[in-house]
Amino acid sequence: MSNQSTSVMSKPEPTKVASVKSMRIALKLIANDAASLAQAANGANGSLHANNNAFAAIKPCSLAETLGATAIPLEIDVSSLDGTSNTATNLNMSFRDYLAQAIERIEQQQTVLLSHPALPYSLLMMPAIVAAKHRCHPHAYLTGMGEGHELSDAVQQALTQAKRAHVSPTQIDATHCTSYKDKFFELIQLIGHLATRSLPTTNDSKNNSTNKQYWFSEMHQSRVASFNFIEAELQHAVVFVQGTELGEASSLLDNTRLFFPISASTVSGIQQQLTQLQSQLNAIINTNTSAAINVNHSTLLALMLNNLNQFDHQAGKAAVIMGNSIETACSEIEAMLAMLSTSDTLASSPSEVEYKTPSGSCLILTANEPLGTNGLCFVYPGVGTVYPQMFSQLPRFFPDLYAQLERDGDVKAMLQADSIYADNAKVTDMSLGELAIAGVGASYILTKVLSEYFNVKPNFAMGYSMGEAAMWASLGIWKQPHSMIEATQTSTIFTTDISGRLDCVRQAWQLNQSDDIVWNSFVVRATPADIEAVLTQYPRCYLAIIQGDTCVLAGCEASCKALLKQIGKRGMAANRVTAMHTAPAMLIHREVAQFYQQALHHNEQLEQTAQIKFISAASSQPINVSSLDIATSIADTFCQPLNFTELVNNARKLGAKLFVEIGADRQTTTLIDKIARTSPTVSEPCQAIAVNAKGGDDQTALLKCIAQLISHKAPVSLTCLTQGLANLLASTLKFEVNNLQADATLAPQLEGEQS
């Protein structure tokens with residue numbers, strides 16, 4: 001293929017409406033030099049806030065670089081295009097003209113490289129069939145172009161050309177851009193967003209937020225965007241569709257997320273490892289003129305990677321140091337060493353030590369079997385734990401997982417994205433069915449993260465209320481859990497029977513459809529005996545849930561308030577309409593059992609979960625893994641009063657010791673800790689930890705959970721952390737080398753100026 005340049009000094013041909021005809025044009029971003037990837041990943045100013053834009057996840061591709069080396073470069077007269085020169089030549093050439101030129105050559109089966117010298121990425125453009133021939137996965141496809149005096153006409157023309165006239169594309173407004181550079185930057189930003197599946201935002205080129213919202217799409221539908229700009233007093237629209245290349249996973253660890261696991265066979269060994277780590281961190285600080293600013297980032301990342309690789313899972317004791325900087329990590333080490341030096345942990349029979357800090361550092365010492373060895377229990381929370389913007393950070397750390405979920409089903413519906421991720425979202429406006437779906441979706445994703453990326457396998461599993469259904473859906477028992485999303489949205493169980501107009505309650509109370517029901521539930525700090533002593537006086541009140549030192553009272557709001565006044569207790573209103581766990585719900589027990597009688601996976605798949613004992617609130621013994629037994633168990637839990645205290649204690653009797661909440665927020669974690677502290681029937685130690693926490697960031701919450709699992713000696717794979725960190729280290733090294741080369745080039749020039 002020719003490597004000749006297209007001259008821009010000759011007079012351009014008159015413009016004509018560009019047409020992509022019947023072909024698709026494959027687009028691939030290529031770094032302009034070896035250090036561009038790292039520079040983009042670390043920000044234009046060189047700060048190491050990793051993954052702060054769409055470029056950061058663009059993986060180097062040798063195939064694309066090879067194709068780019070033989071592509072026809074469209075050399076750009078930057079001075080005329082960017083308005084920095086009065087040169088008469090090429091003044092009529094525009095951004096649209098360069099696209100038209102590129103398309104014309106591509107339709108001749110040629111490959112084109114479009115670029116701007118001031119930007120770190122070039123755009124490789126080729127026929128889709130050429131990309132397929134070379135097995136080069138594109139980041140996006142250009143499928144249509146249009147122009148007109150009205151933007152709507154231009155967009156519709158482009159969509160028609162792209163054969164997507166029925167689609168409502170995401171609109172990318174570049175009409176404010178007046179230079180070629182700005183337009184081209186917005187374009188490559190868009191292609192980066194298509195590759196990372198992150199939703200473009202207004203003025204995204206100036207937005208360095210790491211909290212990008214996932215770009216949800218309709219089930220089995222590609223993401224489509226219309227890139228809109230103005231030239232020659234005409235509105236232009238270019239339609240782009242996502243490609244097959246997926247952005248690279250961001251590293252969970254970086255220079256602002258430090259994570260150092262420590263292992264040793266003795267307490268003194270832990271002390272030695274901590275002291276050595278502290279010296280290594282101080283050495284990094286001391287090699288820099290300004291410890292707070294000019295830290296050698298690659299040295300820090302390399303130290304963290306080496307520490308992870310050397311961690312011994314078989315060692316008897318483990319600790320983890322976490323921090324958001326070297327200084328914080330050193331402080332965490334000093335605090336842990338001080339705790340060890342003042343405790344009796346160095347005695348021949350060490351006492352039980354449970355040490356945790358707000359930063360996430362932790363150390364567990366015990367003379368007994370560690371809690372995570374054989375007693376790991378996944379706990380699935382019930383309805384109402386989801387919150388606006390939950391898990392918004394997870395897609396960039398686990399892009400392959402979200403891509404797989406999209407292939408399996410409707411991720412947008414699974415997470416109720418239209419409600420959860422809407423502007424000014426309020427979960428109080430969501431129906432019971434919507435809350436249930438989003439809750440199961442949250443648990444499903446976190447289960448996949450722990451089991452597939454960290455190889456965490458539970459010994460036990462249980463659910464709080466409807467969390468029992470989430471348990472079966474998430475742990476690979478049901479064959480088609482995604483199929484239940486639509487059924488939950490339309491089933492009368494959730495729309496009218498125990499929510500909405502409360503048909504079950506009307507039947508139980510012998511009311512007409514025209515009769516009003518003011519239903520509410522109240523969390524009250526009281527014992528079951530306090531409530532049961534007067535409950536018969538209030539036939540429209542129900543003791544729905546018993547959970548440690550609190551209970552949930554549900555039913556007629558006026559009756560509940562009267563009961564609470566009589567026993568001298570104050571209740572916190574949940575303001576949610578659901579008759580689960582009350583006597584009226586028993587009227588639909590059979591319907592609930594039928595709803596949850598789902599087909600199971602084949603035996604080969606079920607064998608992977610054979611070690612798990614599934615515990616239900618409806619039985620003292622683990623549930624048999626059969627479709628009928630599972631459905632009956634869920635119906636019993638759903639319709640009968642829930643005694644969560646009894647469920648937790650029963651799980652502990654069966655051997656569960658380390659409870660990990662798998663869902664949004666930490667609803668059950670607090671409850672389990674309270675139950676464990678006050679239980680008179682079970683004396684075995686236990687601990688509850690959460691994978692997620694409302695109000696914090698997903699990344700830190702997950703790392704804190706992994707740290708505690710490590711310290712409790714639960715089997716955990718660190719490969720996910722090491723792979724991401726190795727990729728970040730490689731790009732950071734390139735960035736630092738590039739800076740050194742730039743400094744070396746600049747130094748003689750500065751000396752010459754001073755002489």
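Residues numbered from 1 in each chain as written. Predicted model: local features only at pLDDT ≥ 70, side-chain atom pairs only at ≥ 80, totals over all residues. Heavy atoms only, no water.

## As for the sheet that holds strand E8 (residues 234-242)
Argument step 1. Pairing is mixed across the open sheet formed by 8 strands, whose spatial order is E2-E3-E4-E1-E5-E8-E7-E6. With one partner strand each, in any of the chains shown, strand E2 (72-74) and strand E6 (170-173) form the two edges of the open sheet. Adjacent strand axes in the sheet meet at a mean angle of 30° when their direction is disregarded.
Argument step 2. Relative to strand E4 (residues 121-127), strand E3 (residues 112-114) runs antiparallel, the two sharing 3 bridges. The residue bridging leucine 113 from the neighbouring strand is leucine 124, located in E4. (Pairing = 2+ DSSP bridges. Helix = DSSP H or I, 4+ residues; strand = E, 2+ residues; numbered from the N terminus. Axes fitted to C-alpha atoms, helices over the stretch in contact; angles between N-to-C directions.)

## Some words on the packing of helix H16 (residues 432-453) against helix H17 (residues 467-474)
Argument step 1. Running from N to C, H16 and H17 cross one another at 40°; their axes reach a closest spacing of 9 Å. For the element pair H16 / H17, the angle class is oblique. Seen from above, H16 lies across H17 with right-handed handedness. Residue-level inspection shows Val440, Ser443, Tyr444 and Thr447 of H16 in contact with H17, the latter providing Ala470, Ala473 and Ser474. (Parallel < 35°, antiparallel > 145°, perpendicular 65-115°, else oblique. Left-handed = near helix turned anticlockwise from the far one by under 90°. Contact = heavy atoms within 4.5 Å.)

## Some details on the pairing of strand E11 (residues 353-356)
Argument step 1. Side-chain alternation along E11 places Val353 and Tyr355 on a buried face and Glu354 and Lys356 on a face that remains uncovered.
Argument step 2. As judged from the 4 bridges shared by E11 and strand E12 (residues 362-365), these two strands associate in the antiparallel manner. Bridging from a neighbouring strand, valine 353 pairs with leucine 365 of E12.
Argument step 3. Where E11 hands over to E12, the hairpin turn is made up of 5 residues, of which glycine 360 adopts a positive phi near 110°. (Buried < 20%, exposed > 50% of the residue type's maximum accessible area, 1.4 Å probe, protein only.)

## Regarding the pairing of E12
Argument step 1. Neither face of E12 is open: one carries Cys362 and Ile364, the other Leu363 and Leu365, and all of them are buried.
Argument step 2. Bridge analysis of strand E10 (residues 317-323) against E12 gives 2 bridges, and the strand direction is antiparallel. Within the sheet, the bridge partner assigned to valine 320 lies in E12 and is cysteine 362.

## Comments concerning the confidence of the model for the protein chain
Argument step 1. Taken over all residues, the pLDDT of the protein chain has a mean of 87, while the share at 70 or more is 85%.
Argument step 2. Scored below 50 in pLDDT, residues 34-53 shows 53 contacts in the model against residues more than four places distant or in partner chains. (pLDDT = per-residue confidence, 0-100.)

## Some remarks on unusual backbone geometry
Only a minority of non-glycine residues have a phi that is not negative, and only a minority of peptide bonds are not trans.
Argument step 1. The phi torsion at arginine 197 lies on the positive side, around 60°, for a residue other than glycine.
Argument step 2. Despite not being glycine, glutamine 389 shows a phi value in the positive range, around 65°.
Argument step 3. On the secondary structure map, glutamine 389 appears in the loop between strand E13 (376-380) and helix H12 (394-397).
Argument step 4. The class of glutamine 389 is partly exposed, set by a relative accessible area of 31%.

## Comments concerning helix H10 (residues 326-342)
Argument step 1. The end-to-end C-alpha separation of H10 is 25 Å, in line with the 24 Å expected for 17 residues at 1.5 Å each.
Argument step 2. Every buried residue belonging to H10 is among Ile326, Ala329, Cys330, Glu332, Ile333, Met336, Leu337, Met339 and Leu340, and all of these are buried.
Argument step 3. Those residues of H10 hidden inside the fold are in contact with strand E9 (258-264), helix H8 (267-286), helix H9 (297-310), E10, E11 and E12. (Expected span 1.5 Å × (residues − 1).)

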